There are 2 protein chains.
Amino acid sequence: MTLKEQMEQLARQAKTASRPLARLTAAEKNACLAAMANAIENNTPALLAANDLDVTAAHQNGLSPALIDRLKLDSKRIGSMAKGLREVAALPDPVGRLLDERVRPNGLKLQKVSVPIGVIVIIFESRPNVTADAAGLCFKSGNATILRGGKEALHSNQAIASTLLDAARKALPNFPEHAIQMVTTPDRHAIGNLLALTQYIDLCMPRGGEGLIRAVAECSKVPVIKHYKGVCHVYVDAMADLAMAEAIVLNAKVQRPGVCNAMETLLVDRAIAPSFLPSVARRLHEKQVELRVDNESKRQLECVVPDLKPATEEDWYAEYLDLVLAVRIVDGVQAAIDHINTYGSAHSDAIITRDEALARQFLQGVDSAAVYWNASTRFTDGGEFGLGAEIGISTDKIGARGPMGLEELTSYKWLGFGTGQLRG
Amino acid sequence: MTLKEQMEQLARQAKTASRPLARLTAAEKNACLAAMANAIENNTPALLAANDLDVTAAHQNGLSPALIDRLKLDSKRIGSMAKGLREVAALPDPVGRLLDERVRPNGLKLQKVSVPIGVIVIIFESRPNVTADAAGLCFKSGNATILRGGKEALHSNQAIASTLLDAARKALPNFPEHAIQMVTTPDRHAIGNLLALTQYIDLCMPRGGEGLIRAVAECSKVPVIKHYKGVCHVYVDAMADLAMAEAIVLNAKVQRPGVCNAMETLLVDRAIAPSFLPSVARRLHEKQVELRVDNESKRQLECVVPDLKPATEEDWYAEYLDLVLAVRIVDGVQAAIDHINTYGSAHSDAIITRDEALARQFLQGVDSAAVYWNASTRFTDGGEFGLGAEIGISTDKIGARGPMGLEELTSYKWLGFGTGQLRG
């Protein structure tokens, strides 16, 4: 078989599996997920052995320590996968929810009901735990899934997937073959071939660095839900509670700088800058945060903290994912909104103020998936939102936006219940 | 300016306009829509004169009578445009609806609120009334719109658009310039250039024949919501009320055969075929419907109606939009579901039966935007669904599915209301 034929077979099999999968009851799906969780735990030695092959090869190929850390499984990470599957089992079934109901004057009853999306391709990078997380969430939401992990994690991913599948088949005699599949070829053209198959595939969700996601979005003919990056802002207004503002700025930047909902740019209202900036800059500097500042912030800070760097235009677009922060003084809330809508990534942004009217203006005007008033940007997360689990975060506007849990992995259909109605 | 620069200007202007547009109140938008409706009526002579230029050119260019009919405006059609705008004004504002609200254990209140999508490109064919309909619906839902009609309707479309814009500017001093724009160049590369601009454009909705829609979906880098065609089915089950079935089949095929929710294939349960098919075939023949039948239907019908044609594999995929019907005998409800999921277009399909379990199996198993039990497929329509107005019908699964009204032209954002919450 050519690569194209292989991908077509995979996609066609997934579409076929999606039909019986959509009919499984919550009890059947939950029994499967529980069995998968047990199998992951019971199979720990084999998973560690498979992971060892990947880690050894990664060392031989000179991969970075950060990448090897992401790649590495241990019994704690394996336990987390099992725990994740059990949590998904405990969540309500997102399929079959009644979203709307109306009876028309002619007596025709219409119900809008949630249904699985169908076939979802998940493309991800080095963390092997995504195999279990994504497979569990897609399975619970009744979607057939095709997983494509990083080639450096291939042994780990295959071991996890086959553990899940063996357990599912034993737990459920009518488990739909091909409900969970993996792309095993390392050929990088596999993705392009797969994502041309609009007749079989309903959605692609790439997870990883901006480069991967742009490459996927560029080549895909099927819909893609994604976020490229998280250039998140905190705007400290003249009417802010300054102690609250300082605490939120510190939290948003320092608590976990390597994630997409961490703050990358601090915007400060000109009116409050002299009383706010020096103090917060000192605290950030204590936490080893490098500051990249506009000219005016520089003037206010150069006697306060050392090692200020001038911010360039690129800094306003930058996702550092590190202890680096761009700082800019702006003229009030509308200037902050304009900066965010121009340079931001439509992910998560916050205003700190006591003025409700200004807060409402910011909440309305900032065109991002999540906008906060007096809270840290770090809350954009499926768990923090109470969605129970998260498969990713979307900054798109068609389909799900913000954190995506089980409900965000469903579409809907309209059911019409008649008694012989005809169109007049 | 090059074509690319022109399109980039148009798209950038639309994005800029989308910001103040999203902030307009319902009262402001409704006043604009009322003024637009009045202006369309008051400007009837100028609209007819512009339309005359298009119709004369169409005759000279030898366009088909059907196309010229779709192109032609008269005072009745102009009145319908005005009426449509008034109806949209009377509908509730779809922006700012509270879709979900939750207070987290840490006190953070989250609200999921509907917002405009942003910038929408509408591509359509010869009917000039789409200019007013689409502009009105996008405006009411707070979306900036870029309209691209058929080149044969350019004078008509420009006259309608400038009438709408003049009225809006007079009615609303802060009407956002570029909230409604038109692509006026006939250059066919304009669409490809425009639909590459993902930084400015959020959605494209093509309306028209399958060829146009496939070409748009193929070239677009921005999300597209669409339906390619309507290959709709009625399945008459062994447990059907045969009189009801006959009435629904006639209605779904004959009442208006040229539309996307008309039936194209009749599926009949083998057990009921001898008692159902001859009678319904006779009635369809009386209504001038050409029947394209499988071998078994042929045996049952060849002494009943003349001029039967054998159905080929292509007939199962065909959208006739005409008085032609494919007929197939199937072995029960699962065979009907399989036929529909294989050959259908995921638009609208119906089962006629008195058996609730079989109906539920069909409603669940048919993977279409609208699935009916004992009703005509012809009901898939924004007006019939009570959505008030319709900008199109989607067979997609990401974003809106089925008839799209004002609410389906919105996205959402999450608002977080805190009191200084930090992530732990």
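Keep in mind the model is a prediction, meaning the values are calculated, not measured.

## Notes on the overall build of chain A
- From N to C terminus, chain A includes 15 helices and 16 strands.
- Its C-alpha atoms give chain A a radius of gyration of 24 Å, within 12% of the compact-globule value 22 Å for 424 residues.
- By its C-alpha atoms, chain A is 70 × 70 × 35 Å across when sized along the principal axes.
- Evaluated residue by residue, chain A yields a buried proportion of 54% over its 424 residues.
- Of the contacts made within chain A by residues no fewer than 6 positions apart, 72% connect residues no fewer than 24 positions apart.

## Some points on the environment of Tyr228(A)
Residue and element names in this part refer to chain A.
- Tracing the sequence through the fold places tyrosine 228 in the loop between helix H9 (210–219) and strand S7 (232–236).
- On the neighbour-count criterion, tyrosine 228 (19 C-beta atoms within 10 Å) is partly exposed.
- Each C-alpha atom of the pair tyrosine 228 and glycine 211 lies 8.3 Å from the other, and the pair is 17 residues apart in sequence.
- Residue contacts for tyrosine 228: discarding those within four places in its chain leaves Glu210, Ile213, Arg214 and Ser345.

## Quick look at the interface of chain B and chain A
- Contacts between the two partners involve 50 residues from chain B and, on the opposite side, 50 residues from chain A.
- If you list the elements that add at least two residues to the side of chain B that touches chain A, you get helix H10 (242–254), helix H15 (356–365), strand S13 (370–375) and strand S16 (410–421) of chain B.
- No other element matches the 11 residues that S16(B) contributes to the side of chain B that touches chain A.
- Bridging between strand S16 (residues 410–421) of chain A and S13(B) involves 5 bridges; their strand directions are parallel. Note on S13(B): the bridge partner recorded for Gln421(A) is Ala375(B).

## Some details on the pairing of strand S13 (residues 370–375) of chain A
All names here are of chain A.
- Within S13, 6 of the 6 residues are buried, which leaves it mostly tucked inside the rest of the structure.
- Note: strand S12 (residues 348–352) against S13, 4 bridges, orientation parallel. If you follow alanine 350 over to S13, its bridge partner there is tyrosine 372.
- Crossover handedness for the path S12 to helix H15 (residues 356–365) to S13: right-handed.

## Points about the domain arrangement of chain A
Residue and element names in this part refer to chain A.
- Each domain of chain A was delimited in the assignment, giving domain 1 (3–226 + 400–417) and domain 2 (232–384).
- Centre-to-centre, using C-alpha coordinates, domain 1 lies 35 Å away from domain 2.
- Every contact between the two is made by 5 residues of domain 1 and, on the other side, 5 residues of domain 2.
- Looking at the side of domain 1 that touches domain 2, its residues break down into 2 nonpolar, 2 polar and 1 charged.

## Describing unusual backbone geometry
Residues and elements named next belong to chain A.
- Notably, leucine 321 is not glycine yet its phi reads approximately 55 degrees, a positive angle.
- Mapping leucine 321 onto the fold places it in the loop between helix H13 (313–317) and strand S11 (324–330).
- For leucine 321, a count of 16 C-beta atoms within 10 Å gives the class partly exposed.

## Considerations on the relation of the copies chain B and chain A
- Rotating chain B by 180 degrees about the axis while translating it 0.0 Å along that axis superimposes it on chain A, leaving an RMSD of 0.0 Å. Both chain copies can therefore be described as sitting about a two-fold axis. By C-alpha distance to the rotation axis, the residue of chain B lying nearest is Gly399(B), at 2.1 Å.
- In this assembly the copies share their binding face: 98% of the residues contributing to the interface of chain B also contribute to that of chain A.

## Focus on the nonpolar core
- If you look at the biggest cluster of nonpolar residues, it comprises 154 residues, and the most contacted ones within it are Met36(A), Leu164(A), Met36(B) and Leu164(B).
- Residues within four places of Met36(B) in sequence aside, it is in contact with Leu85(B), Gly136(B), Leu164(B), Ala167(B) and Ala168(B).

## Comments concerning the confidence of the model for chain A
- Averaged over every residue, the pLDDT of chain A is 97; the share at 70 or more is 100%.
- ipTM for the predicted complex: 0.96, alongside a pTM of 0.96.

## Section: the pairing of strand S6 (residues 203–206) of chain A
All names here are of chain A.
- Of the two faces of S6, both are covered, the one formed by Leu203 and Met205 as well as the one formed by Cys204 and Pro206.
- Note: strand S3 (residues 119–123) against S6, 4 bridges, orientation parallel. Bridge assignment links isoleucine 123 to a residue of S6, and that residue is proline 206.

## Regarding the sheet that holds strand S6 (residues 203–206) of chain B
Residues and elements named next belong to chain B.
- Pairing is parallel across the open sheet formed by 4 strands, whose spatial order is S5-S4-S3-S6. The sheet is open, and its two borders are formed by strand S5 (180–182) and S6, each paired with just one other strand. Across the sheet, the axes of successive neighbouring strands diverge by a mean angle of 20 degrees, strand direction being ignored.
- Along the sheet, helix H1 (residues 3–23) makes contact with strand S3 (119–123), strand S4 (144–148) and S5, crossing S4 at roughly 145 degrees.

## Notes on the environment of Ser18(A)
Residue and element names in this part refer to chain A.
- Mapped onto the secondary structure, serine 18 falls in helix H1 (residues 3–23).
- For serine 18, a count of 25 C-beta atoms within 10 Å corresponds to the buried category.
- Sequence separation of serine 18 and alanine 144 is 126 residues, and the distance between their C-alpha atoms is 5.2 Å.

## Observations regarding the sheet that holds strand S9 (residues 290–293) of chain B
- Read across the open sheet, the 10 strands follow the order S1(A)-S2(A)-S16(A)-S13(B)-S12(B)-S7(B)-S8(B)-S11(B)-S9(B)-S10(B); overall the sheet is mixed. Looking at which strands have only one partner, the edges of the open sheet turn out to be strand S1 (98–103) of chain A together with strand S10 (309–310) of chain B.
- Its contacts with the sheet place helix H14 (residues 332–343) of chain B against strand S7 (232–236), strand S8 (263–269), strand S11 (324–330) and strand S12 (348–352) of chain B, and it is angled at close to 135 degrees to S11(B).

## Observations regarding the packing of helix H2 (residues 26–42) of chain A against helix H6 (residues 129–140) of chain A
Residues and elements named next belong to chain A.
- Where H2 meets H6, the axes come as close as 10 Å, and the angle between the chain directions of the two elements is 165 degrees. Taken together, the axes of H2 and H6 lie roughly antiparallel to each other. As H2 runs across H6, the sense of the crossing is right-handed. In this structure, H2 contributes Lys29, Cys32, Leu33, Met36 and Ile40 to the contact, and H6 contributes Ala132, Gly136, Phe139 and Lys140.
- Partitioning the contact of H2 with H6 into residue classes produces 6 nonpolar, 1 polar and 2 charged.

## Structural notes on H15(A)
- Buried residues of H15(A): Leu358(A), Ala359(A), Phe362(A), Leu363(A) and Gly365(A), and no others.
- For H15(A), the elements touching its buried residues are S7, helix H14 (332–343), S12 and S13 of chain A together with S16 of chain B.

## Observations regarding the environment of Cys32(B)
All names here are of chain B.
- Inspection of the secondary structure puts cysteine 32 in helix H2 (residues 26–42).
- Residue classification places cysteine 32 among the buried positions, given that 25 C-beta atoms sit within 10 Å.
- Cysteine 32 sits 133 residues away from leucine 165 along the chain, and the two C-alpha atoms are 9.4 Å apart.

## Re helix H5 (residues 75–90) of chain A
- In this model H5(A) runs 23 Å from its N-terminal to its C-terminal C-alpha over 16 residues, within 8% of the 22 Å that 1.5 Å per residue would give.
- In this fold, the buried residues of H5(A) make contact with H2, helix H3 (44–60) and H6 of chain A.

## Observations concerning the packing of H2(A) against H5(A)
Residue and element names in this part refer to chain A.
- For the pair H2 and H5, interaxial distance at closest approach is 8 Å and the crossing angle is 170 degrees. The angle between H2 and H5 places the two elements in the roughly antiparallel class. Taken together, the residues of H5 that come into contact with H2 (itself represented by Asn30, Leu33, Ala34, Met36, Ala37, Ile40 and Glu41) are Ile78, Gly79, Met81, Ala82, Leu85, Arg86, Val88 and Ala89.
- When the residues that make up the contact of H2 with H5 are grouped by side-chain class, the tally is 11 nonpolar, 2 polar and 2 charged.

Scoring rules and cut-offs
Residues numbered from 1 in each chain as written. Chains lettered and ligands numbered in written order. Predicted model: local features only at pLDDT ≥ 70, side-chain atom pairs only at ≥ 80, totals over all residues. Helix = DSSP H or I, 4+ residues; strand = E, 2+ residues; numbered from the N terminus. Rg over C-alpha atoms; globule rule 2.2 N^0.38 Å. Buried ≥ 20, exposed ≤ 12 C-beta atoms within 10 Å, placed from the backbone. Contact = placed C-beta atoms within 7 Å. Pairing = 2+ DSSP bridges. Right-handed = clockwise from strand over helix to strand, strands pointing away. Domains from an automatic or database assignment. Nonpolar A, V, L, I, M, F, W, Y, C, P; charged D, E, K, R; others polar. Least-squares fit on C-alpha atoms with pLDDT ≥ 70 in both. Core = buried A, V, L, I, M, F, W, Y, C linked by C-beta atoms within 7 Å. pLDDT = per-residue confidence, 0-100. Axes fitted to C-alpha atoms, helices over the stretch in contact; angles between N-to-C directions. Parallel < 35°, antiparallel > 145°, perpendicular 65-115°, else oblique. Left-handed = near helix turned anticlockwise from the far one by under 90°. Expected span 1.5 Å × (residues − 1).

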